[in-house]
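Structure at a glance
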Amino acid sequence: MTKLSNFLSSVKLTVVLLIVLAVLSVVGTVIPQQEPAGLYERMYGEGTASLFRSLGFTNMYASPLFVALLGFLGANLVVCSLDRLPKTWKLVRNRPSLNPREYKQMPYRREQFVKLRNPEWRKSLSNVLGRLGKVQEKEFDGGIVYFANRTPWVRLGVYVVHSSILLLFVGGIIGAVWGFKGHINILEGETVDHIDVRGRHEPKPLDFQIRCDDFNVEFYDTGAPKEFRSDLTFLEGGKEALSSPLRVNHPVTFGGITFYQSSYGSTLGGEVVFELVDNQTGETYTVKGPASDDFSLPGDQGGFRIIDFQNNLVSRGMSFGPGVFVHLMGTGERTPPFWVLQKFPQLDQRRGGKYTFALKSFQEVYYTGLQANRDPGVALVYLGFILMLIGFPVTFFMSHRMIWLQVGSTGKNLKVILAGTAHRNRLAFSKSMDGLWEEISTALNEEERQP
Amino acid sequence: MTSSLALSIVTFIYLGSSVLYLFYLVFRTRVAATMGTWVALGGFLLNTYGIIMRWIESYDLGIGHAPLSNLYESLVFFAWTIILCYLILERKYGQKTVGAFVVPFAFFSMAYASFSSSVDSRIQPLIPALKSNWLIAHVVTCFLGYAAFAVACGLSVMYLIKSKKQRAGSDGLKFLPDPPLIEDVSYKMILIGFVLLSAGIITGSVWAHSAWGTYWSWDPKETWSLITWIVYAVLLHARYMKGWSGNRIAVISIVGFCCVLFTYFGVNFLLSGLHSYAASS
């Protein structure tokens, strides 16, 4: 047991775990993550691909290995901190005495005789030492000892940082177990009562409905989107419970689920009109129908179907405007699906099919893409963030300092001893002690002010 | 003067300053170091002017936003933070030899911004996800942190050179600061960088949560910033708990800065993800 806890509490383990996690993370950024199966076989070959899959490298950050190492790191953090905390706590609670033995062997120590010119030296000294905060005093035969115990609690800073990291872990676990990440596309005017949740096959029903009253997108001259927003209404039992606009970076929470404006798109709605030219006879036909139905070719020689729509097809960095992806059926021709572009009616001629397709008109309906998440762990994660940002400056830039000043009278002179220690950043501490020494000798040397 | 002209000139000023500091390092001509400082300060002021002008110009174009939104602007800001960091350090410690190890980083950043054909220097409008108050907090903390790491890296290189010479028994390079001082300052820069990097990751995380609903999604840039964070965390634990110092710490510091550079550039060009808008095209 002690062996195990010794192992778990070692800093060596921390460092090794951190390095292994870093290396695995690098691997996770080099190997594409969560791609469809075939891709890995094509990229790496059968053997390597199946090795990667069994090691979990194709979904690294959720792989048993990675999660186990994170768990290990968490355990290491807990054991390590519990191991050291009692000792640190003692140092924080410790009240060093004003006995000369206590400061005999401090890293900083300066001893000197100073000529006494200032009869009010005690008052001057307490002015100087006042800057150090709470100062204890103890009189002894012909002299006095001052002691300042500065910010002993900063020794706890590192525990604040470590607990902040544990909070991130716990928050992450809570989010992963009890939270979900969902997505839903809603057409303008449509009402939905479910969302699609990542990792679940059937949609997740909601106990309320969401209606998209309106969707708007504005563009810059460059064609990049400037802003998009949806006007949403949440309905409970058929009654409107909340109407709210939803914009990027401004999420809305309803019924415990937070909605984010994440994407938008358009799809075909209503009637689509094609013009077909028979390449042999030159005859022109008009074919129209609802976008989601099958279309028939002239003379009932098979038909076609629209399997995709882009309001601006982009290929090799060029944009070609709106187009539909058409799949021919039952024509005897073995043609792969092809694009029919509105702006380039002649283009389809090159395909060399029986007909040349041209897209005459269509109706476009916008849909809004919402991210719909529940994450009960976020509060803990944010608490972790705050603690970390408080803990770091305390841990790195503050130190526990103990300063003793002994002033003893030996007739005309004063024997002054300044001693102290800092638990961190001794270089800066000894500089500041030199400064303090200067102030002290000035205070002791001050002539009595003339009225 | 337009921002792009000013910033082009800044590139050459930083080059001039680097050359002066290097000249001082090689020939120990005191006046070269003094000039190096003044030239760097002049470049810094013009750099500041360029950033402010670019900010104003973006408003004149009707797409006003802080100039921290694409690769070009971040490179310009990176150079600015490096020089800021360095000038404060020089003022505090008076070690002008450090300039030769740090100022060139600012020059490279500006040169890359100005001359690389893959860096678009046009002022672009902000896509909706970037329209957030977190943008400024995130970019400023990250790049101040990167600058601190850049300075620490320069100091670590200096440390390795100096300690190698010393071990070889040579008393050359005497004019370089003592290894303990270099180590101390470098360590301080690493602490500052580490806190700022943490703050940068946290602000980015909070921002991502408000934009996409996930504070962490293991996108390559996020992952690489975490890798960088881990490298420096290892450095701190090795030093605090295992008493590592000297060359070993200097080497980790250089490795850490390589990770910074990969997080910054490598991810944009070699890997893809959420931060693709920060890439050039």
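Rules and cut-offs
Residues numbered from 1 in each chain as written. Chains lettered and ligands numbered in written order. Predicted model: local features only at pLDDT ≥ 70, side-chain atom pairs only at ≥ 80, totals over all residues. Heavy atoms only, no water. Helix = DSSP H or I, 4+ residues; strand = E, 2+ residues; numbered from the N terminus. Rg over C-alpha atoms; globule rule 2.2 N^0.38 Å. Buried < 20%, exposed > 50% of the residue type's maximum accessible area, 1.4 Å probe, protein only. Contact = heavy atoms within 4.5 Å. Lys, Arg positive; Asp, Glu negative; His and termini not counted. Charge placed at Lys NZ, Arg CZ, Asp CG, Glu CD. Buried area = accessible area lost by both parts, 1.4 Å probe. Polar contact = N/O pair within 3.5 Å; in protein donor to acceptor, adjacent residues only side chain to side chain. Nonpolar A, V, L, I, M, F, W, Y, C, P; charged D, E, K, R; others polar. Expected span 1.5 Å × (residues − 1). Pairing = 2+ DSSP bridges. Axes fitted to C-alpha atoms, helices over the stretch in contact; angles between N-to-C directions. Phe/Tyr/Trp six-rings, centres within 6.5 Å; stacked < 30°, edge-to-face > 60°. Lys NZ or Arg CZ within 6 Å of the ring centre and 35° of its normal. pLDDT = per-residue confidence, 0-100. Disulfide = S-S within 2.5 Å. Left-handed = near helix turned anticlockwise from the far one by under 90°. Patch = residues over 30% accessible without salt bridge, like charges linked within 9 Å, V, L, I, M, F, W, Y side chains within 5 Å. Areas by Shrake-Rupley, 256 points an atom, 1.4 Å probe, with all protein chains shown as cover. Salt bridge = Lys/Arg side-chain N within 4 Å of Asp/Glu carboxyl O.

Remarks on the overall build of chain B
Looking only at helices and strands, chain B has eight helices and zero strands in total. Start at the N end of chain B and walk to the C end: the helices and strands fall as α-α-α-α-α-α-α-α. Over its C-alpha atoms chain B spans a radius of gyration of 19 Å, differing by no more than 12% from the 19 Å that the globule rule assigns to 281 residues. If you line up chain B on its principal axes, its C-alpha atoms span 60 × 45 × 30 Å. Classification of the 281 residues of chain B by burial places 60% in the buried group. Counting only contacts in chain B whose residues sit at least 6 apart along the sequence, the fraction spanning at least 24 positions is 79%. Within chain B, the 11 negative side-chain charges are centred at a point lying 11 Å from the centre of the 18 positive side-chain charges.

Side note on the interface of chain A and chain B
Counting residues at the interface gives 46 residues for chain A and 43 residues for chain B. Of the roughly 3,800 Å² buried between chain A and chain B on both sides combined, carbon and sulfur atoms contribute 73%. Contact with chain B buries surface across chain A, with Thr 29, Asn 249 and Phe 396 of chain A losing the most and accounting together for 17% of the total. Linking chain A with chain B are 12 residue pairs in polar contact (both at pLDDT 80 or more), by the criterion used here. Mapped onto the side of chain A that touches chain B, the elements with two or more residues apiece are α2 (11–30), α5 (64–93), α7 (157–178), β7 (225–236), β10 (257–278), β18 (355–374) and α8 (378–397) of chain A. Looking at side-chain class alone, the side of chain A that touches chain B contains 26 nonpolar, 13 polar and seven charged residues.

So, helix α2 (residues 30–60) of chain B
The end-to-end C-alpha separation of α2 of chain B is 45 Å, in line with the 45 Å expected for 31 residues at 1.5 Å each. Just downstream of α2 of chain B lies Gly 62 of chain B, where phi reads positive at about 80 degrees.

Overview of the sheet that holds strand β19 (residues 401–410) of chain A
Residues and elements named next belong to chain A. The five strands are arranged β1-β20-β19-β3-β2 in an open sheet whose pairing can be described as antiparallel. Among the strands making up the open sheet, the edge pair consists of β1 (108–115) and β2 (135–140). Adjacent strand axes in the sheet meet at a mean angle of 15 degrees, parallel and antiparallel pairs treated alike. Sitting on the sheet, helix α6 (residues 121–130) touches β2, β3 (143–150), β19 and β20 (413–422), and the angle it makes with β3 is about 10 degrees. Running over the sheet, helix α9 (residues 426–445) touches β1, β19 and β20 and is turned about 160 degrees from β20.

A closer look at the pairing of β10 of chain A
Residues and elements named next belong to chain A. By the bridge criterion, three bridges tie strand β9 (residues 252–254) to β10 in an arrangement that is antiparallel. Note that in β10 the partner of Thr 253 across the bridge is Thr 258. Where β10 lies against β18, 17 bridges are found, and the strand directions are antiparallel. Along β18, the bridge assignment pairs Tyr 264 with Thr 368. Where β10 lies against strand β11 (residues 284–290), seven bridges are found, and the strand directions are antiparallel. In the strand pairing of β11, Val 272 is matched with Gly 289. The loop that links β10 with its antiparallel partner β11 comprises five residues; one of these, Gly 282, has a positive phi angle of about 80 degrees.

Concerning the packing of aromatic side chains
If you walk through the whole model with that rule in mind, you get 54 aromatic pairs over all chains. Consider the rings of Phe 234 of chain A and Phe 254 of chain A, whose centres lie 4.7 Å apart with planes at 15 degrees: the pair is stacked. Here Phe 254 of chain A lies in strand β9 and Phe 234 of chain A lies in strand β7, a separation of 20 residues in the sequence. The exposure classification of Phe 234 of chain A matches that of Phe 254 of chain A, with both residues buried. Three or more aromatic residues link up through ring pairs in this structure, and these residues are Phe 44, Phe 77, Phe 78, Trp 80, Tyr 112, Phe 143, Tyr 146, Tyr 264 and Phe 265 of chain B. Its guanidinium or amino end placed over the ring of Tyr 187 of chain B, Arg 239 of chain B lies 3.6 Å from that ring's centre, counting from NZ or CZ.

Looking at the confidence of the model for chain B
Residue and element names in this part refer to chain B. This prediction gives chain B a mean pLDDT of 91; 95% of its residues lie at or above 70. Within the model, the stretch residues 276–281 combines pLDDT values under 50 with 13 contacts to residues more than four positions away or in other chains. Of the two predicted TM-score estimates for the complex, the pTM is 0.87 and the ipTM is 0.92.

Quick look at the state of the cysteines
All names here are of chain B. For the structure on display, the rule yields zero disulfides over all chains. Left without a disulfide partner, Cys 85 is nearest to the cysteine sulfur of Cys 153, which lies 13 Å away. Looking at Cys 258, it has no disulfide partner, and the nearest cysteine sulfur is the one in Cys 153, 6.5 Å off. Owing to a relative accessible area of 46%, Cys 258 belongs among the partly exposed residues under this scheme.

What about the sheet that holds strand β12 (residues 295–296) of chain A?
All names here are of chain A. The four strands lie next to each other as β12-β13-β16-β17, forming an open sheet whose pairing is antiparallel. Lying at the two open borders of the sheet, with one neighbouring strand each, are β12 and β17 (338–341). Relative to strand β16 (residues 323–329), strand β13 (residues 303–310) runs antiparallel, the two being bridged by seven bridges. Of the residues in β16, the one forming a bridge with Gln 310 is Gly 323.

Concerning the packing of helix α1 (residues 3–27) of chain B against helix α3 (residues 71–93) of chain B
All names here are of chain B. Interaxial distance between α1 and α3 falls to 12 Å at its minimum, and their mutual angle equals 35 degrees. In this structure, α1 meets α3 at a crossing whose hand is left-handed. Contacts between α1 and α3 pair Leu 7, Tyr 14 and Tyr 21 from the former with Tyr 72, Val 76, Ala 79, Ile 83, Tyr 86 and Glu 90 from the latter. Partitioning the contact of α1 with α3 into residue classes produces eight nonpolar, no polar and one charged.

Overview of α1 of chain B
Residue and element names in this part refer to chain B. Between its first and last C-alpha atoms α1 spans 35 Å; for 25 residues at 1.5 Å apiece the expected length is 36 Å, and the two agree. Residues Ser 3, Ala 6, Leu 7, Val 10, Thr 11, Tyr 14, Ser 17, Ser 18, Leu 20, Tyr 21, Tyr 24 and Leu 25 constitute the buried set of α1. Taken together, the buried residues of α1 touch α2, α3 and α4 (99–115). Arg 28 sits one or two residues past α1 and shows a positive phi near 55 degrees.

Examining the environment of Gly 145 of chain B
Within the secondary structure, Gly 145 of chain B sits in helix α5 (residues 134–167). In contact with Gly 145 of chain B, other than residues within four places in its own chain, are Gly 193 and Leu 196 of chain B.

So, a nonpolar patch on the surface
All names here are of chain B. The grouping of Ile 52, Trp 55, Ile 56, Tyr 59 and Ile 136 at the surface amounts to a nonpolar patch, some 490 Å² of accessible area in total. If you trace the backbone, Ile 56 turns up in helix α2. Assessed through its relative accessible area of 41%, Ile 56 is described here as partly exposed.

Some remarks on the pairing of strand β5 (residues 191–197) of chain A
Residue and element names in this part refer to chain A. The pairing of strand β4 (residues 180–187) with β5 spans two bridges and is classified as antiparallel. Bridge pairing links His 183 to Asp 196 in β5. Relative to strand β6 (residues 204–219), β5 runs antiparallel, the two sharing four bridges. Across the sheet, residue His 194 finds its bridge partner in β6, namely Pro 205.

Observations regarding the side chain of Thr 37 of chain B
All names here are of chain B. Here Thr 37 is to be found in helix α2. A polar side-chain atom of Thr 37 sits 3.0 Å from a polar atom in the side chain of Tyr 21. A polar atom in the side chain of Thr 37 sits 2.8 Å from the side chain of Glu 90. Among residues more than four places away in sequence, those in contact with Thr 37 are Tyr 21, Leu 87, Glu 90 and Lys 96.

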